[in-house]
Amino acid sequence: MVEFMLVLPLLLVLLLGIADFGRVFAAGITLEAAARNAAEVVAEEYRRTPPDGVYADQTLPAPSPGDPAYYQPLHELAARTACREAGGLQNATFDPDTDQCAFDPGAGEAMPVFLVCIHDDADPLCGESAFGATIPPQCSALQTPPENTMEGGTELSRYVEVRICYRFSMLINLPVLPLDDVWLQKSRVFTVAYYPPPPTPEPPSEPPPPSPGEIPPTPTPEESASQSPEESAAETPAETPTPAPETPTPAPETPTPSPEATP
């Protein structure tokens, strides 16, 4: 019994650590999905209504400076989408009435914390956190805000970046052991798709009509071989058959009656 009592705390810590590992893994997957879905929603909305026109070339920078009145709804759309998906986590401060992760006076923080940036060389709000939340010092990936340049995307186009920071609480909070709160940070980007219109084919050029008295050029053997029998027949003038010389038809001979014998 004494040995069991001595080993029991270590066994409990080991079992709870295994359980916490699974919870941390599941929370990380949730945050990754939330960041990616938020970036995709904003990229599709940006593609439908870009700041420089419906048919703008997304491989070029947007008109600068950007209008905050245009970019603010896009940032809020990304934050609401990510907050709604991560609202089921333990420390999330998601409020269904306002549809945002607002500041919770009881917890003393807003969780998760989001940064949204549209990389089009014009977004002026890349350094502002969503919902005006204070970025904790443990969120190192959010301390340095992203720039709105178009470098680093998945392809040569404008793209949206969403960063998330979340405080995960362990089942056993022991500051003397590595079982304290874990800060999870995720970042995902999504390209603003650009589908250029197909090039318009040029009409085939026709040769000029021959001048009066000019002999049309004779096609080369290669051109003649590439032409179909119908085209060759249509281009070759029909030859007039030469009548054959008439052969006189001999008149039928009249038989001469033989003289009758006299009796």
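These numbers come from a predicted model, not from an experiment.

## With respect to the overall build of the protein
- Along the protein, the regular secondary structure elements total five helices and five strands.
- Starting at the N terminus and walking to the C terminus, you meet the elements of the protein as α-α-β-β-β-α-β-β-α-α.
- Residue burial in the protein is summarised as follows: out of 263 residues, 29% are buried.
- Contacts spanning at least 24 positions in sequence make up 66% of the contacts within the protein whose residues lie at least 6 apart.
- Just so you have it, the protein exposes about 17800 Å², and 61% of that area is on carbon and sulfur atoms.

## Side note on the environment of Phe190
- Note on placement: Phe190 falls in strand S5 (residues 182–191).
- Separated by 154 residues in the primary sequence, Phe190 and Arg36 place their C-alpha atoms 7.1 Å from one another.

## A look at the pattern of salt bridges
- Going through the model one piece at a time under the given rule, you end up with 11 salt bridges.
- Where Arg47 meets Glu44, a salt bridge forms, and the shortest distance between an N and an O atom there is 3.1 Å. With a gap of three residues between them, Arg47 and Glu44 both fall in helix H1 (residues 2–48), about one helical turn apart.
- Take Arg47: its relative accessible area is 28%, and that puts it in the partly exposed class.
- Judged by relative accessible area, which is 24%, Glu44 ranks as partly exposed.
- Here Arg167 and Glu109 are joined by a salt bridge, their closest N and O atoms 2.6 Å apart.

## Looking at unusual backbone geometry
- Cis peptide bonds are those with omega within 30 degrees of zero, and the linkage from Ser64 to Pro65 qualifies with 5°.
- Checked against the element boundaries, Pro65 lands in the loop between H1 and helix H2 (68–85).
- Cis peptide bonds are those with omega within 30 degrees of zero, and the linkage from Met111 to Pro112 qualifies with -5°.
- With respect to the secondary-structure elements, Pro112 resides in the loop between strand S2 (100–101) and strand S3 (113–119).
- Phi at Asp121 takes a positive value of approximately 65°, unusual for a residue other than glycine.
- One can find Asp121 in the loop between S3 and helix H3 (140–143).
- With a relative accessible area of 28%, Asp121 lands in the partly exposed category.

## Topic: the environment of Glu161
- In this fold, Glu161 is placed in strand S4 (residues 159–168).
- You can call Glu161 buried: its relative accessible area is 10%.
- Residues Glu161 and Pro146, spaced 15 residues apart in sequence, show a C-alpha to C-alpha distance of 8.5 Å.
- Sequence-distant contacts of Glu161, defined by excluding residues within four places in its chain, comprise Leu115, Val116, Cys117, His119, Pro146, Ser187, Arg188 and Val189.
- Of note is the side chain of Glu161, whose polar atom sits 2.8 Å from the side chain of Arg163.

## Quick look at the sheet that holds S4
- What the three strands build is an open sheet, ordered S3-S4-S5; its pairing is antiparallel. Edge positions in the sheet fall to S3 and S5, since each of these pairs with one other strand and no more. For this sheet the average axis-to-axis angle between neighbouring strands, irrespective of direction, equals 10°.
- As judged from the 10 bridges shared by S4 and S5, these two strands associate in the antiparallel manner. Bridge pairing in S5 places Phe168 opposite Val182.

## Remarks on the state of the cysteines
- Applying the stated rule across the entire model yields three disulfides.
- Covalently, Cys83 is tied to Cys101 through a disulfide, its sulfur atoms 1.6 Å apart. One quick way to see it: the torsion about the S-S bond of Cys83 and Cys101 is about 105°, and its sign makes the bridge right-handed. Of this pair, Cys83 sits in helix H2 while Cys101 sits in strand S2, and the two are 18 residues apart along the sequence. No difference in accessibility class separates Cys83 from Cys101, as the two residues are buried.
- Bonded cysteines in the protein are paired 1-2, 3-4, 5-6 when counted in the order they occur along the chain.

Conventions used here
Residues numbered from 1 in each chain as written. Predicted model: local features only at pLDDT ≥ 70, side-chain atom pairs only at ≥ 80, totals over all residues. Heavy atoms only, no water. Helix = DSSP H or I, 4+ residues; strand = E, 2+ residues; numbered from the N terminus. Buried < 20%, exposed > 50% of the residue type's maximum accessible area, 1.4 Å probe, protein only. Contact = heavy atoms within 4.5 Å. Areas by Shrake-Rupley, 256 points an atom, 1.4 Å probe, with all protein chains shown as cover. Salt bridge = Lys/Arg side-chain N within 4 Å of Asp/Glu carboxyl O. Polar contact = N/O pair within 3.5 Å; in protein donor to acceptor, adjacent residues only side chain to side chain. Pairing = 2+ DSSP bridges. Axes fitted to C-alpha atoms, helices over the stretch in contact; angles between N-to-C directions. Disulfide = S-S within 2.5 Å.

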